[in-house]
Amino acid sequence: MLWGVDGPRFLLDYTLAVTAALLAALTVRSLTGRRTRGDEPGLIELAYLTDRAALACQVAAAGLRRAGAVRPAELSTMVAVAAAPARSAPLARAVHTAVRQPQTWAAVLADPGVNRALRRLVTGLLRDGWLLTRWQRRRVALGAVPLFAVAAVGIVRLVESAVQHRDAGGPASVVGLLLACGATLLGGWRLCEVPEAGAAARRLLRRARRSHADLDPQHRPAWNERGTDELLTAMALYGPRPLLAVDPRFADLVGVDDERPRPPTPRQLARRERRGALGR
């Protein structure tokens, strides 16, 4: 017996240690960013939490388009044709200002005013706790360190057994430990990929998607019978593809790709994280 422990017993202890380390890492991930302050995010902020800056800008542009403030122009550009709605979000006003002269969508995204509005939006989400700060993201990533430590113990046992020609267990135990070490390393690597949105933001998105499940593009809603608020809500929660159904030319202008898969839901992301943590 290597280290005074036979192969099956060590594999059992290793499995228990991995389970404890995995639970600790998932607990840190689920608790980090669960406290927020201020009001709940608006549609453009929800769009940012769903799929970052590109979707937030698309929702802002779609709101201006539905209000009649902008329209497509020549050579794949868009241009402002009326004043922005009175209560437009800062990002929507920045997009409107950027297209006072005909601009391509790439030029809009590169506009300094639009980028300043995006930075202010991100700053507000960080301040209110919806996005994780750099320190919080580091803490979530460090939660995976125990998994690497447990994997290191298993690898050291395998290496020492091979170098010293000592028995680390029967063939089944050795192969099982080798596979378990590989799965542990893979799970730790996957858990090092930290989401930008905190636990409260992921919970908010799940709740909003349940409340607006009828707007899920997979259910093929009749968009011609829906209002602007419902269209923008669907875009903010499920991605920009609903815009293709009501205004395909403008959707193509703002970079909506019919072939692009919609952003994964927090539940799908959590499922992928669990699969990665288990080494599947």
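Residues numbered from 1 in each chain as written. Predicted model: local features only at pLDDT ≥ 70, side-chain atom pairs only at ≥ 80, totals over all residues. Heavy atoms only, no water.

1. Thoughts on the side chain of Asp-216
Inspection of the secondary structure puts Asp-216 in the loop between α9 (199–211) and α10 (228–238). Within the local environment of Asp-216, its side chain forms a polar contact with the backbone nitrogen of Gln-218, the two atoms lying 3.0 Å apart. (Helix = DSSP H or I, 4+ residues; strand = E, 2+ residues; numbered from the N terminus. Polar contact = N/O pair within 3.5 Å; in protein donor to acceptor, adjacent residues only side chain to side chain.)

2. Focus on the environment of Cys-192
Its location among the elements puts Cys-192 in the loop between α8 (171–191) and α9. Taking relative accessible area as the criterion, Cys-192 reaches 33% and is therefore assigned partly exposed. Here the alpha-carbon distance between Cys-192 and Ala-141, two residues 51 residues apart in the chain, equals 4.7 Å. (Buried < 20%, exposed > 50% of the residue type's maximum accessible area, 1.4 Å probe, protein only.)

3. Section: unusual backbone geometry
Even without being glycine, Arg-52 reaches a positive phi, approximately 65°. Relative to the assigned elements, Arg-52 resides in helix α2 (residues 43–66). Despite not being glycine, Ser-76 has its phi angle at roughly 55°, a positive value. Mapped onto the fold, Ser-76 is located in the loop between β1 (70–73) and β2 (77–80).

4. Describing the pairing of β1
Bridge count for β1 against β2 is four bridges, and the pairing is antiparallel. When the bridges of β2 are listed, Arg-71 appears paired with Val-79. The antiparallel hairpin formed by β1 and β2 contains three residues in its connecting segment, where Leu-75 sits at a positive phi of about 60°. (Pairing = 2+ DSSP bridges.)

5. As for the pattern of salt bridges
Scanning all chains against the criterion turns up seven salt bridges. Across the salt bridge formed by Glu-196 and Arg-52, the nearest N and O atoms sit 3.3 Å from each other. Here Arg-52 lies in helix α2 and Glu-196 lies in the loop between α8 and α9, a separation of 144 residues in the sequence. Asp-128 is paired through a salt bridge with Arg-127; the nearest N and O atoms lie 3.3 Å apart. You can call Asp-128 buried: its relative accessible area is 15%. Arg-127 sits in the partly exposed class, given a relative accessible area of 49%. When salt bridges that share partners are traced, they join Asp-214, Arg-226 and Glu-230 into one network. (Salt bridge = Lys/Arg side-chain N within 4 Å of Asp/Glu carboxyl O.)

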